[in-house]
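As a plain string of letters, each chain reads:
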Amino acid sequence: MMRGDGVAPMSGVATAPRPGLADALVCGIAALWFIGCDSGADDLPPEPDQAFAGGAVVTLWTDALELFVEYPPHVRGLAGDVWAIHLTWLADWSPVEEGSLTLALEGPGGAREEIVMPAPARAGVFTTSPVLPVAGIWRADMTLSAGGREYLVPVGELEVFESVDALLPDEEVASPGPITLLKEQQWVMPFAVAAAEERSIPRSIPAAGEIVAPADGLAHVSVPVTGLVVVQGPTPAPGDAVAAGQTLALIAPTSLDDSFARMRVRVAHAEREAARAERLFAAEAIPERRLLETRHELEVARAAFAAVGGMQSPEGDGAAHLYALRSPIGGILSERHVAPGEQVEAGAHAFTVVNPATLWFIARLPAREAAVAGGVREAWFTVEGADATHTTDRVVSTGTVIDPETRTLPLRFAVANPDGRLKVGMLAEGRLLTGAPLTGVAVPSAAIQDEDGLGVVYVEVGGESFQRRVVEPGPSDGSWTLVSGVERGERVVTEGAYQVFLASLGEADLADHGHTH
C-alpha cells in the first residue's frame, strides 16, 4: 500500500549505541578467531564487559516515513551484529508491512555494497548484517519500494575500523537516561508525533459556556385546541427532517366552546351564504354588489380559519374540520409528545423542531475580563465528551449586563454545524481570541499534558527514546499552543503521551516487551 507523498529528509538525530550491541559484535568477531565455537567449549573467549564506540542509533524523518535504525561498530571484513531497521508510515504511525528495502553503502576508493531485503523480517523491521571490505568512512542510503513507489531515506555516514584493536571504549556519562518506548509498543497503540513550528497566535481568554439554538433555529409546537390526534398518512418521528409549513399532526377538536369551533362555524355559515348569493344572482334577484360581499366574507372566514391551522377533512361532506399542527421552521424533529388517537388538551407541548445547521456558542466571560469584550472577534471551544476543536464563524452579540449570580458577561458566537456533531444543550470549554498575535514556537495542543498542575510534553529524541519537558503554555488557537522549553523542529508526542508517561515509571506492561533483533 502506498502511503505518504515525499522523500526529502526533514530532520534526524543520532545517539550512542545501546548497551550490548558492541559487546555482541566483539564476541562474534572473536569467535571467528577460534576453533570450536559450540556452546560449552572451554576455549571460547570471555564475554567482554566493555562497550565500544563506533555504532549508532539513528532516527530521521522524511515527508512519508520515520527511520529508526540501530547498527553496531563495523570492522573491515568481519560480520557484525544485525542492523535493526525500523520503518514507520507517518500518515497513521503504522509499521511498514510490505515492500523491499535496498541498503546502498559507498566507501573509500569507489567501494560499493548493495544489499536488498525483499520483505520485512516482521512488521516494520528489516534486518541485515553487512560485511564491509574497506576501512574508512562509508555513506549509507536506503530506498523503500512499496505500493509502486520508491522512497529515498538518506542515513548518513558510518566508520569502518581497520581491526578490533582500533575500536575505542564507549565512555558513557552517568546521567538520567531517556524514556524508552519500543517501536513494537508504539505500533500496537494509538500513537503519533508532530514537529514544533513557529506560529503567530492571538492572545486568548478562557471561557466556559454552552451550545444553544439561535432564536430562529428552535420551535416548540403546542396544541391550541382540545381534541383527538388523527392519523392521516405517515407521521414524522424524532430525528426526521421536516420542512417549514409541514403538517406534523392533525387534531380533531372535541370542544365546541372555544374560538376554533366558532371559526369553523363561521366558515360553514359563509360558505352557505356565498352559495345562496350565487343562486339569487343567477336568478337576477340580488345585485352583483351583494354577491361580491358574500364572496369576500367567505375568503376572510377561510383565511382566519387557516391562520390557526384549520382545514377541512377529506372525508365526509366537508362539514367536519381538523386542526393542523405545522412546523414553523425547517429542521430536525427532536421531540414528539403526542401519539395518534391520543386525547390532548389545549396548550399541551406537542413537538420540538431544531434547525442544527447553525448553532450558538454562548460564552460566559468572567467579569474581570469584561473590559476587553469589545475586542473579541473569534473563539474556539471543545464540548463535553469530545476532543475535537470547533471554531466560531462570527460574533452575534455581546452582552451589556453582568450576571449578578455568576459574575459573567455573555457573548454569543455563530457556529456552523454541517455534520450535526454539536447538540443543543452541550456544555463547552473554550478561549476567546483577542488582541495582537504573539509569535513563537508552538506545539499541537494535544501534546500538552496536565501533570499535577504542570504543563508537560514528551519530546522524541530518538525512534524509541523520549524526554519529559515541563513547558509554560501560552496563547492557543485550539489546535496549536505557544510554549516555552521546546525548540522549533523538535518532535513531540501528540497521541500516546500517557503510555510514554507509564514507560517513564517502568510499568510492567510496557517494560516486558523487548526487541528480538
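Everything numeric in this text was worked out from a predicted model, so none of it was measured.

1. Concerning the overall build of the protein chain
And then number 1: On a plain count of helices and strands, the protein chain comes out with six helices and 35 strands.
And then number 2: Here the protein chain holds 517 residues, and the buried ones make up 43% of them.
And then number 3: When contacts within the protein chain are restricted to residue pairs at least 6 apart in sequence, long-range pairs at least 24 apart make up 72% of them.
And then number 4: Taken as a whole, the protein chain presents about 25900 Å² of accessible surface, with 53% of it coming from carbon and sulfur.

2. Notes on the nonpolar core
And then number 1: L67, W83, I85, M142, L144 and L158 are the most contacted members of the largest nonpolar core, which totals 31 residues.
And then number 2: Elements with a contribution of two residues or more to this core: β2 (56-62), β3 (65-71), β5 (83-89), β7 (100-106), β8 (112-117), β10 (136-146) and β11 (149-161).
And then number 3: Leave out the neighbours within four places in its chain, and I85 touches L67, F68, V69, L101, M117, G124, V125, F126, T128 and M142.
And then number 4: Judged by nonpolar contacts, the second largest core, of 20 residues, contains F361, F381, L409 and L432.

3. Comments concerning the side chain of T88
And then number 1: Within the secondary structure, T88 is located in strand β5.
And then number 2: Among the polar contacts listed, one links the side chain of T88 to the side chain of W187, at a separation of 2.9 Å.
And then number 3: Those residues within four positions of T88 in sequence are excluded, and the remaining contacts are A64, L65, E66, W93, S94, V96, K183 and W187.

4. Notes on the environment of I85
And then number 1: Topologically, I85 is positioned in strand β5.
And then number 2: What makes I85 buried here is its relative accessible area of 0%.
And then number 3: Separated by 14 residues in sequence, I85 and Y71 place their C-alpha atoms 8.5 Å apart.

5. What about unusual backbone geometry?
And then number 1: Phi angles above zero are rare outside glycine, and E284 is one such case at about 60°.
And then number 2: Along the chain, the position of E284 falls in the loop between α3 (259-282) and α4 (288-307).

6. Thoughts on the environment of S465
And then number 1: With respect to the helices and strands, the residue S465 is situated in strand β32 (residues 465-471).
And then number 2: Judged by its relative accessible area of 21%, S465 falls in the partly exposed class.
And then number 3: Separated by 287 residues in the primary sequence, S465 and P178 place their C-alpha atoms 5.7 Å from one another.
And then number 4: The residues contacting S465, other than those within four sequence positions of it, are P178, I179, V459 and E460.

Criteria and thresholds
Along each chain, residues carry numbers from 1 onward, in the same order as the chain's sequence is written. Under the rules for a predicted model, residues below a pLDDT of 70 receive no local features and side-chain atom pairs below 80 are neither given nor counted, while totals for whole chains, interfaces and linings still include all residues. Each side-chain value is worked out from all heavy atoms of the structure, with water and hydrogens disregarded. Strands are runs of DSSP state E lasting at least two residues, helices are runs of H or I lasting at least four, and both sets are numbered from the N terminus onward. Only protein chains enter the accessibility calculation, which uses a 1.4 Å probe. A residue is then buried if its area is under 20% of the maximum for its type, exposed if over 50%, and partly exposed in between. In this description, contact between two residues means that some pair of their heavy atoms is separated by no more than 4.5 Å. Only the protein chains shown count as cover for residues, with accessible areas throughout obtained via the Shrake-Rupley method and a probe of 1.4 Å. Within this scheme, the nonpolar core is defined by two criteria: the residues are buried Ala, Val, Leu, Ile, Met, Phe, Trp, Tyr or Cys, and they are joined through side-chain atoms within 4.5 Å. Any pair of N or O atoms that falls within 3.5 Å is considered a polar contact. Within protein, one atom must be able to donate a hydrogen and the other to accept it, and sequence-neighbouring residues count only if both atoms are side-chain atoms.

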